[in-house]
Every structure is written in structure tokens, then in C-alpha cells.
Amino acid sequence: INDLSEVVEADRIHVWHHLSQHKQYEAVDPRVIVEGKGLRVWDATGRETLDAVSGGVWTVNVGYGRESIANVVRDQLLKMNYFAGSAGSIPGAMFAQRLIEKMPGMTRVYYSNSGSEANEKAYKMVRQIAHQVHGGKKWKILYRERDYHGTTIAALASGGQEERKSFYGPYPEGFVPVPHCLEYRSQWGEVEDYGLRAANAIEEVILREGPDTVGAIILEPVTAGGGVITPPEGYWPRVQEICKKYGLLLIIDEVVCGVGRTGKWFGYQQYGVQPDIVTMAKGVASGYAAISCTVTTEAVFEMFKGNPNDPLDYFRDISTFGGCTAGPAAALENMRIIEDEGLLENTTAMGERLMGNLNALMEKHRVIGQVRGKGLFIGAELVSDRTSREPLAEATVAAVVGAVMKRGVQIGMTNRSVPGFNNTLCLSPALISTADDVDQMSDAIDGALGEICG
Ligand code: PMP
């Protein structure tokens, strides 16, 4: 392609971009990204950007332009590209084995193609277990306010971000919300042990609904799109206790936190919990191929033994492209890179540096209400007043993000809970970030806050 202006025009006229409306097509300078290397991307006009959000949505964990991943995918595609997931493949088997090594207590990997789909599989497992093991009881699935689990209808039904849900009902039954756990926006005023209080709120919902109707709860280890919410002290151990007490399956959505983002292989491993089902997608192959996984314990797998006399008594689910070999081939190489380059350690070290930089900016910029995060997954909540914690107006936050972009760095804004409350700056750069890179990010934010918020 010689004429990139033709590409830009085709994009403008024919591509219906995610999360966009007609007016945006007219207002926004169209951006077609044509190249990436490491942490940096270039658009069709040649403009270079330091990507502090790993492809926009916490995905490209090992960075752009990885030749070794491209090569293994190419070789694999030439050798064997596809056969339905009922048959095995070399990368499918080998990635499952390597993954399970990183997840003590888990044994089985079910392949699909997106985070939403991985969560749908988990819900279908819970529902089938309700039918086959619990005689039709324990069919409800709890989810948490502010968490996000995907875009399909059942995934949205379990989504805790109301503004995403408004136009797409009616939703399937049996998805029940529990309170969020963001102490900064405490629902119970100032409480001494907020973590325990927020976890106990889950027990209250179980008791209200009836324990024999509730089969599972799905939670993000650190809530991503809902505002980068790190769990408060004491929260996870109590959640685990509650799940045991009432026989709930604990589903952990690692779509964002998984595969290194927080500095451990999985986010739940930061908090010492043992899940029954884990879902993952984005960073599994860093966007070099589509792959998602629903990983279970052997106990969950065993529940699908069902009735040996009924030939249809199995998990009645298939994902056509869950049999593609490019996904697990890319995922294996992605995992090798993380190990060989020491990227978990780097994530912890660079995450601490970036957190430190942003915390230091709090002295200078009164609009930063709180900085929170784990590893290279950090949010800075902006407020118009530190005492009242009034959220900074969304338009001003957007202007800050724009001013950061003007300085050559792309960050995100998040916190979708209620409209107009989208006031958390979000940083989630690739795990290969260097000290210079993270300093460039915080310098850009420093300059932008000075320019926009004075
Ligand atoms: N879970 C979480 C925590 C997510 O952030 C996302 C995507 N933003 C999903 C699930 C859905 O993943 P996908 O877009 O691949 O369906």
C-alpha cells in the first residue's frame, strides 16, 4: 500500500469502530495505526506515540513487533492451522501444560477466543452444574458493581457498569449484583475494617437470595475498567471463606490482570486465593492471535461426568475457533518471553516506580484524589475537591487525556460506573517498560495537569 490517505479514507467511510457514534466520525481526527515496536506505535501520518495502555485495553503485554511470536505463528499455520477443538493440537496441549504449571490447584483448560466468551463458558458450566449436580438449585451467579466481564448479553448481564447496560435488555435471569469494594467511595461511610465490611456485604446478598439458589460469584482480582480498584485489606480471604461456607464456585476474571499485568502470573495470586474457575484472554497472546481460556479445577471438570447412560450428558459447548492453533502457539511464545526476559520482576519494579512518580505528583496537583494499582496497572482518580471527593468533570478529564496525547503519550480514562463519573486516568503499559518510559509517562501527565487544571 503506497497511499496511506486512501487507507485513512476507507477506514473513515467503511469501518464502524468500537465505542463510537456518528458524531465522532465527523469530529475526531481519524487515526490508523500502521506500525508498532516495543512500546511505541506510529499512525498513518507518521506521528509517534508512547503507548501507556498496551494497545488501548491492557493487551499487548510483551510489546509490539515481536518477531519470535510472528515466526512461531507463521510456522504453525503452515504446518497445521485448524481442526475443531474436539481434536488436540501440539500448541494446544503444550500451552495448556505450561499454563497449568503456573496455576497450582487448576488442571483443565477450555479454549475460546475472547474474554466475553471465556466468561460465557464459565457461566454455562455453573448452570449445567446446577442442573446436573444440584437438582436445579444453585443457578444464580453473583457479580460485583463496577466489574466488567464482557460484551455479549450474559456477560453484560453480569456487568457492574450500569451505563454499558442501558440499551441492551431484557437480560437473562439469575445474575445478581453485590457491592463494589472501593474504599475511597465507601458505601458505608468511614468504617474501621472496610475490606471485611465489603466482603460481608456479599454474604448478605447470599442470605437475601437464599444460599441454595446461588451457585457462583465472578470477580476481577483488581477491577479494571470500573476504575482500577485494588481490593482492600482483608477482602479476599473473607470472600474465599464465604464461598466455602455457602458452596459457591469462585470464578476469577483474569482477562486484564492475567499473564503478568500485576507482577505475578495471575492477579489472584497476589491475594492468596484459590479459585474454582479462572478466565483469561487479552494478554494471553498479547494480541498476536485471538485466544481465551476458561481454566478449571479437576473437581469442576469431574462434575461433568454426568450420566454415563445418557449420550448427550456432557458440556454441550463448542467454540469453532477455539480449535485454532495460532492462539496457543502465540501464547506459548508469549509466556517464554515473559519468563526469559524477567518481565514479572520488571513489572513489579516499574509499577512501583510509576506509582511513586504519580504519588509524588499529588503534592503538586490537587486534582489527583487517589493513586491505586498493582504492577503495571495503575489508576489516578481525579477530583475537583480533595475533601468532598467530587469527581472531576468528565470533559476536563478528557482534556487531560488529550493534553497527555499532545505530549506523545497515550493513556486511558476509566471508572465507568455511572455516566459522568469517568474520572480515573489509567496506565497499563507493556511489561517491557523501562525507567525512562515510565518517567516519560508521568512527565507527560505532570505537564498536562499543569496545562489543563492549573
Ligand atoms: N473481562 C474483563 C475484566 C475485561 O476488561 C474485558 C474486556 N475489556 C472482558 C472481560 C471482555 O473481553 P473481550 O473484549 O475479549 O470479550
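Residues numbered from 1 in each chain as written. Predicted model: local features only at pLDDT ≥ 70, side-chain atom pairs only at ≥ 80, totals over all residues.

1. Observations regarding the site of the ligand
The line we're drawing: Think of it this way: take the backbone, place a C-beta atom on it, and check whether that atom is within 6 Å of the molecule or strand, in which case the residue is near it. Following the grouping adopted for this structure description, the nonpolar residues are Ala, Val, Leu, Ile, Met, Phe, Trp, Tyr, Cys and Pro, the charged ones are Asp, Glu, Lys and Arg, and the polar ones are all others, Gly among them.
In the vicinity of the ligand lie 15 residues, with Ser114, Gly115, Ser116, Gly150 and Val255 positioned nearest. A breakdown of the residues in the shell around the ligand according to their chemical character gives 6 nonpolar, 7 polar and 2 charged.

2. Some details on the confidence of the model for the protein
Keep this limit in mind: pLDDT runs from 0 to 100 and stands for how confident the predictor is about each residue.
Residues of the protein with pLDDT of at least 70 account for 96%, and the chain-wide mean is 94. Overall fold confidence (pTM) sits at 0.97, and the ipTM for the predicted complex is 0.99.

3. As for the sheet that holds strand β3 (residues 48–51)
Going by this rule: Any two strands with at least two DSSP-identified bridges between them are counted as paired. Going along the chain from the N terminus, every DSSP run of H or I of four or more residues is numbered as a helix, and every run of E of two or more is numbered as a strand.
Strand order in the open sheet formed by 4 strands is β1-β2-β3-β14, with mixed pairing between adjacent strands. Each end of this open sheet is capped by a strand with a single partner; those strands are β1 (33–37) and β14 (409–410). Inspection of the sheet shows strand β2 (residues 40–43) paired to β3 by 3 bridges, in the antiparallel sense. Note that in β3 the partner of Trp42 across the bridge is Glu48.

4. Details of the pairing of strand β5 (residues 140–144)
Cut-off, in case you're wondering: Burial is judged by counting the other C-beta atoms within 10 Å of a residue's own C-beta: 20 or more makes it buried, 12 or fewer makes it exposed, and any count in between marks it as partly exposed, with every C-beta position built from the backbone.
Burial of β5 is extensive: 5 of the 5 residues sit out of reach of the surface. Burial along β5 is two-sided: the face carrying Lys140, Leu142 and Arg144 and the face carrying Ile141 and Tyr143 are both buried. Here 4 bridges tie β5 to strand β6 (residues 175–178), and the two strands are oriented parallel to one another. Bridge pairing links Ile141 to Phe175 in β6.

5. Comments concerning the domain arrangement of the protein
Just so we agree on the cut-off: Segment limits for the domains were obtained from an automatic or database-derived domain assignment.
Domain boundaries assigned for the protein yield domain 1 (31–60 + 342–453) and domain 2 (68–340). Relative placement of domain 1 and domain 2: their C-alpha centres are 26 Å apart. Elements represented by at least two residues in the side of domain 1 that touches domain 2 include exactly α3 (54–58), α13 (343–364), β11 (368–373), β12 (378–385) and β16 (424–427). With 5 residues, α13 is the largest single contributor of residues to the side of domain 1 that touches domain 2. Considered class by class, the residues forming the side of domain 1 that touches domain 2 number 12 nonpolar, 14 polar and 4 charged.

6. Remarks on the environment of Phe301
This is how it is decided: The contact rule is simple: place each C-beta atom from the backbone, and if two of them lie within 7 Å, those residues are in contact.
Mapped onto the fold, Phe301 is located in helix α11 (residues 298–302). Since 15 C-beta atoms lie within 10 Å of it, Phe301 is described here as partly exposed. Distance from Phe301 to Glu35, taken between C-alpha atoms, is 42 Å for residues 266 residues apart in sequence. Ignoring any residue separated from it by four or fewer positions in sequence, one finds Phe301 in contact with Thr107, Arg108 and Thr296.

7. Regarding the sheet that holds strand β7 (residues 214–219)
Through backbone hydrogen bonds, the strands of a sheet pair up, either in parallel or in antiparallel fashion. Spelled out, the test is: The axes are straight lines fitted to the C-alpha atoms, using for helices just the contacting stretch, and the angles between their N-to-C directions are given from 0 to 180°.
Spatially, β4-β10-β9-β8-β7-β5-β6 is the arrangement adopted by the 7 strands of the open sheet, whose pairing is mixed. Each edge of the open sheet carries a strand with a single partner, namely β4 (108–112) and β6. Shown here is a sheet whose adjacent strand axes are inclined to one another by a mean of 20°, direction ignored. Alignment of strand β9 (residues 277–280) against strand β10 (residues 292–296), held across 4 bridges, turns out to be antiparallel.

8. Things to note about the environment of Arg127
Counting through the fold element by element, Arg127 comes out in helix α6 (residues 115–132). Separated by 13 residues in the primary sequence, Arg127 and Lys140 place their C-alpha atoms 8.2 Å from one another.

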